[in-house]
Amino acid sequence: MIERKDQKTQDTWDLSALTASQEAWDKDMAAVRARFGELDQYKGKLGESSDSLYSALKKLFEILQEAERLLNWAFLMYSADSSNPEVMNRAGIADMAESEFSEKTSWMDPELMSISDEKIEEWLKEERFQPYTVYIRKARRMKDHVLSDKEERIMSLYGANAEGYHQAFMDIDNIDLDFGEVRGEKLTHSTWTKFIHSTDESVREEAYKAFYKTYEKNQHIIARLYEGSVKNDIFSSKARGYNSSLERALFPDNVPEEVYTNLISSVHDAFPSLHRYYALRAKLLGKDKLKHWDVYVPMVPAVGAKHTYDEAVAIIREAVKPLGEDYSNILCSGLTTERWVDRYENKGKRSGAFSAGCFTGNPYILTNFEDDVINSVFTLIHEGGHSMHSYFSARNNPFPSYNYTIFEAEVASTFNENLLARYLLDHSESKEEKAFIIAQQLDNIVATFFRQTMFAEFELLVHQEAESGRPINVTFFRKTYRQLLENYFGPQLEFEENSDMEGLRIPHFYRAFYVYKYATGIAASIALSQRVLKGGDKERDDYLSFLKSGGSRYPIDALKVAGVDMSKSDAVKATAAYFDSLITELENLIS
């Protein structure tokens, strides 16, 4: 694996829009940290006059915008090369600065809430408050759950300790656990993906058994960490006056609890289609019954899947044409000449991919592109969807309300994947190519829609058990997760005794009630991509208006602008129906 210094410049991202040099970052970070105390002069005075509130908000967001720029640079540098000691040091400084600022400003929310509704409404009529209106209204909606100044400071200080459960799990998972070797190669999280996708079943089985045997050996400490994380969720929800941890998680986005529970019930209704998928997978793999290590290997061999990076961008340019020339040009320039993307793997670089946009600079993309893996093209257009969402949001909203929620984020990314799949299907030259693309779509819907809903149901069952005053422990976690495995995978799967250890290795569980957004996101994106592909200028412009809305609306309302109502189950049920139709299409192709 090459060193970071050996990467070609054109293959790395250009972060100069964030800072000119490491020395400039050091100077700017010291300067912004010195400004944290400037807000103290407004303590106890926010409600005295509109001038006082306006001045405080102006200064607050000036500091936040500058801090966001510097923190994003530190994060990106660390993601590209975590083996560099100087980069690690600056990432640590950024983390400390973020915690310091949170503690320093913990008094502001309680004080903002204490201002009377009459005063706030009168002040918001002043034109100068326009950039802060959305922020103020969203913040004050939290009024019943914001504590006193002293209590908020305690919660802020405690928050850093509470994160310890997640950090401890990540350290154990990424550093301490030794999974051994498979065929002479070290088994790690990165190589696990390769082994579990191997067409050689003996390799998949060997990797699977080594992987879960290691987790089982450490099940008690991992279970204790997750138990502590869940109890922290319950503490925070009770301290802030919520009826449940689920309510606390959904309240900031103004998402009704029915969206969560209806997702689970609608997916349960779609179990026959999901089980039909696994039956087809078994047939295509030539097996009577599937093992748990058989559910990731491609059902259909890859055909014509080799693409260079530049070829991938050329395909993406064609695939996104339904969104207009402006969208296509901005995205493809970002992927190439504007150098938004850090393209290839190097020593110390984070695995996987992400998009990290902020108000200043470009919406950067980290990926580990591989020419011979079609998923690299899907990953690139997926992250490109996130980046275009960030691009439009930052350019159409003031800083205090530009940032969209995770609930909306997964729509923009999977929408682009849907466009790519449709383009590849329309331009495939054989039944084999079509079968491969459809199989890819099916696997993606299983991973993002069905599996994430299963994870969401597990989180709900665990929190409900703890909130009912009953103990949660390793036995409960495993028993609950095994039942879900059997329900979701159906009669086609034969599980191992330790297959339920999967439930204790999901890092997203340490950010409670997060994963359901992947499922709702893909449901919304399927509905919207079909609407755009079948529609005209209005349908395209509705979708672009959604991308430009940023954080100016709550997510349910923003998606209504695009043309889908996620407060109802229609899109979720339509996704299940679409999934079923793809199974039929694949069956017809291979028959």
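Source: prediction; values computed, not measured.

A.B. asks: I'd love a proper account of helix H15 (residues 309–319), names of residues and values included.
C.D. replies: When we look at burial in H15, the residues that qualify are Tyr309, Ala312, Val313, Ile315, Ile316 and Ala319. All buried residues of H15 project into a common sector of 160 degrees when viewed along the axis, lining one side. In this fold, the buried residues of H15 make contact with helix H16 (325–335), strand E4 (341–342), helix H17 (374–395) and helix H18 (406–426).

A.B. asks: Which residues make up the environment of Ser525, and what values do they have?
C.D. replies: With respect to the secondary-structure elements, Ser525 resides in helix H21 (residues 516–534). With a relative accessible area of 0%, Ser525 lands in the buried category. Remark: the alpha-carbon pair of Ser525 and Ala571, spanning 46 residues in sequence, is separated by 9.1 Å. For Ser525, the residues in contact, after removing those within four places along its chain, are Val411, Thr414, Phe415 and Asn418. Of the polar contacts made by the side chain of Ser525, one reaches the side chain of Asn418; its length is 3.3 Å.

A.B. asks: Could you give me a rundown of the sheet that holds strand E5 (residues 354–356), with the residues and numbers involved?
C.D. replies: Ordered in space as E4-E6-E5, the three strands form an open sheet in which the pairing is mixed. Where the open sheet ends on each side, the last strands, each with one partner, are E4 and E5. Here E5 pairs with strand E6 (residues 364–366) via three bridges, running antiparallel. By the bridge assignment for E6, Phe354 is matched with Leu366.

A.B. asks: Outline the environment of Val515, supporting the account with residue identities and numerical values.
C.D. replies: Tracing the sequence through the fold places Val515 in the loop between strand E7 (493–494) and H21. Here Val515 falls in the buried class, since its relative accessible area comes to 0%.

A.B. asks: Just give me the short version of the packing of helix H19 (residues 431–467) against helix H20 (residues 474–489), but keep the residues and values in it.
C.D. replies: The angle between the axes and the distance between the axes are what describe a pair of packed helices. Running from N to C, H19 and H20 cross one another at 145 degrees; their axes reach a closest spacing of 10 Å. Helix-helix and strand crossings are classified by hand; for H19 and H20 the assignment is right-handed. On H20, the residues touching Phe450, Arg451, Thr453, Met454, Phe455, Glu457, Phe458, Leu461, Val462 and Glu465 of H19 are Phe476, Phe477, Thr480, Tyr481, Leu484, Leu485, Tyr488 and Phe489. Class assignment of the residues belonging to the contact of H19 with H20 gives a composition of 13 nonpolar, two polar and three charged.

About the criteria used
- Residues numbered from 1 in each chain as written.
- Predicted model: local features only at pLDDT ≥ 70, side-chain atom pairs only at ≥ 80, totals over all residues.
- Heavy atoms only, no water.
- Buried < 20%, exposed > 50% of the residue type's maximum accessible area, 1.4 Å probe, protein only.
- Helix = DSSP H or I, 4+ residues; strand = E, 2+ residues; numbered from the N terminus.
- Arc of directions from axis to C-beta.
- Contact = heavy atoms within 4.5 Å.
- Polar contact = N/O pair within 3.5 Å; in protein donor to acceptor, adjacent residues only side chain to side chain.
- Pairing = 2+ DSSP bridges.
- Axes fitted to C-alpha atoms, helices over the stretch in contact; angles between N-to-C directions.
- Left-handed = near helix turned anticlockwise from the far one by under 90°.
- Nonpolar A, V, L, I, M, F, W, Y, C, P; charged D, E, K, R; others polar.

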